[in-house]
Amino acid sequence: MRTSSAVRRYRDDPVPDDAIETCLQAATWAPSGGNQQPWKFVVLKSSAVRDVITAAAHQTWDVMAEFYKFSMPDETADDPKSRVLRAMAEHMRVGGAAPVLILFCVQPQRGTTELQQGGSIFPAVQNFLLAARAHGLGAAITLWHGSCEDELRSMVGIPDDWKIATLLTVGWPKGGHHQVRRKPVGEVAAIDHWDQAWRTTTP
């Protein structure tokens, strides 16, 4: 878990189907509301669908660049923000040409909010991510499908009563896996009251 960061830069090496199947199997072990398992995982191999995803990734990058008004850092800049920004730019430039693309879809259960529906799909996503890391693979959650959802639903044949939760990109990472940087527990956990911080025992 401490080295399962989002990986957005991949080598061109193909990922064997049996490795992906192992990760998909891990996804099915996740909990879901009432054990209904209201999920469907769609591995996208069609070049036509991948082209649609690439166009959506490019559009997403253009929207982000305009909204945040950022400029690309110099290639020599080695600070964390610059590295992340370059990785994001490469990720969206490659888009649907990433080695593996997987849609995670969920069928809403009656009486549940969208947030509650996430509880029946994102544990499966996390299981997949951890299994991928165990194989030495890298992966990243994307929301590119939001820029091409109607076309994507039509091409893939997603029923109207199902929702796309996320699109994962997966591949062998360029470089290695690195320990994640996260806020300390004392900053994000509380006891009884919102403003009463958890008394951490971790150095």
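Residues numbered from 1 in each chain as written. Predicted model: local features only at pLDDT ≥ 70, side-chain atom pairs only at ≥ 80, totals over all residues. Heavy atoms only, no water.

Asks: Got a minute to help me understand the overall build of the protein in this structure?
Replies: The helix and strand tally for the protein stands at seven helices and four strands. For the protein, the succession of helices and strands along the chain, N to C, is α-β-α-α-β-α-α-β-α-β-α. The C-alpha radius of gyration of the protein comes to 18 Å, within 12% of the 17 Å expected for a compact globule of 203 residues. Overall, the protein is about 50 × 50 × 35 Å in size when its C-alpha atoms are taken along their principal axes. Counting over 203 residues, the protein shows a buried share of 39%. When contacts within the protein are restricted to residue pairs at least 6 apart in sequence, long-range pairs at least 24 apart make up 78% of them. Of the roughly 12500 Å² of accessible surface on the protein, 53% is carried by carbon and sulfur atoms. Distance from the positive charge centre (21 side chains) to the negative charge centre (22 side chains) of the protein: 5 Å. (Helix = DSSP H or I, 4+ residues; strand = E, 2+ residues; numbered from the N terminus. Rg over C-alpha atoms; globule rule 2.2 N^0.38 Å. Buried < 20%, exposed > 50% of the residue type's maximum accessible area, 1.4 Å probe, protein only. Contact = heavy atoms within 4.5 Å. Areas by Shrake-Rupley, 256 points an atom, 1.4 Å probe, with all protein chains shown as cover. Lys, Arg positive; Asp, Glu negative; His and termini not counted. Charge placed at Lys NZ, Arg CZ, Asp CG, Glu CD.)

Asks: Help me understand helix H2 (residues 47–68), please; the structure alone is not making it clear to me.
Replies: With 22 residues, H2 extends 31 Å from end C-alpha to end C-alpha; this agrees with the ideal 32 Å at 1.5 Å per step. What H2 keeps buried is the set Val49, Arg50, Val52, Ile53, Thr54, Ala56, Ala57, Thr60, Trp61 and Met64. Here the buried face of H2 lies against helix H3 (80–94), strand S2 (100–106), helix H6 (149–156) and strand S4 (163–171). You can read the cap of H2 off the contacts: a side-chain oxygen lies 3.2 Å from the backbone nitrogen of Ala48, and it is on Ser46. (Expected span 1.5 Å × (residues − 1). Polar contact = N/O pair within 3.5 Å; in protein donor to acceptor, adjacent residues only side chain to side chain.)

Asks: Please clarify how the packing of aromatic side chains should be interpreted in this entry.
Replies: If you walk through the whole model with that rule in mind, you get five aromatic pairs. Pairing Phe41 with Phe104 gives two aromatic rings, centres 4.9 Å apart and planes at 50 degrees, and the pair type is tilted. Separated by 63 residues along the polypeptide, Phe41 in strand S1 (residues 39–43) and Phe104 in strand S2 bring together distant segments of the chain. Residues Phe67 and Tyr68 carry aromatic rings whose centres are separated by 4.9 Å and whose planes lie at 90 degrees to one another, so their mutual orientation is edge-to-face. In this structure an aromatic cluster arises from ring pairing among Trp39, Phe41, Phe104 and Phe128. (Phe/Tyr/Trp six-rings, centres within 6.5 Å; stacked < 30°, edge-to-face > 60°.)

Asks: Sorry if this is basic, but what is going on with the pairing of S4 here?
Replies: The two faces of a sheet get side chains in turn, since along a regular strand they alternate between them. For S4, the buried fraction is high: eight of the nine residues fall into the buried class. Bridge count for S2 against S4 is seven bridges, and the pairing is antiparallel. In the sheet register, Cys105 faces S4, and the bridge partner there is Ile164. Direction of pairing for strand S3 (residues 138–142) relative to S4: antiparallel, over a ladder of five bridges. (Pairing = 2+ DSSP bridges.)

Asks: Explanation requested: the sheet that holds S1 in the structure shown.
Replies: In a beta sheet, neighbouring strands are held together by backbone hydrogen bonds and run either parallel or antiparallel to one another. Reading across from one edge, S1-S2-S4-S3 is the order of the four strands in this open sheet, with antiparallel pairing throughout. Taken across any chain shown, the strands that pair with only one partner, and hence form the sheet edges, are S1 and S3. If you compare each strand with its neighbour and ignore which way they point, the axes differ by 25 degrees on average. Helix H1 (residues 17–28) contacts S1, S2 and S4 of the sheet and is inclined by roughly 165 degrees relative to S1. (Axes fitted to C-alpha atoms, helices over the stretch in contact; angles between N-to-C directions.)

Asks: Sorry, what's going on with the pattern of salt bridges here?
Replies: Side chains that carry opposite charge are capable of pairing whenever their charged atoms lie near each other. For the structure on display, the rule yields nine salt bridges. For Asp17, the salt bridge is made with Lys45, and the minimal N-O distance between the two is 2.9 Å. Of this pair, Asp17 sits in helix H1 while Lys45 sits in the loop between S1 and H2; the two residues are 28 residues apart in sequence, bridging distant segments of the chain. With a relative accessible area of 56%, Lys45 lands in the exposed category. Connected through salt bridges with shared partners, the residues Arg9, Glu90 and Lys174 form a single ionic network. (Salt bridge = Lys/Arg side-chain N within 4 Å of Asp/Glu carboxyl O.)

Asks: I keep staring at the packing of H2 against H6 and nothing clicks. Help me out?
Replies: Think of two packed helices as two axes; the pair is described by the angle between the axes and how far apart they sit. The interhelical angle for the contact between H2 and H6, taken along N-to-C directions, is 170 degrees, at an axis separation of 10 Å. The orientation of H2 with respect to H6, classified from their angle, is roughly antiparallel. Two secondary-structure elements touch here, H2 through Ala48, Val49, Val52 and Ile53 and H6 through Glu151, Leu152 and Met155. Its residues placed into classes, the contact of H2 with H6 shows six nonpolar, no polar and one charged. (Parallel < 35°, antiparallel > 145°, perpendicular 65-115°, else oblique. Nonpolar A, V, L, I, M, F, W, Y, C, P; charged D, E, K, R; others polar.)

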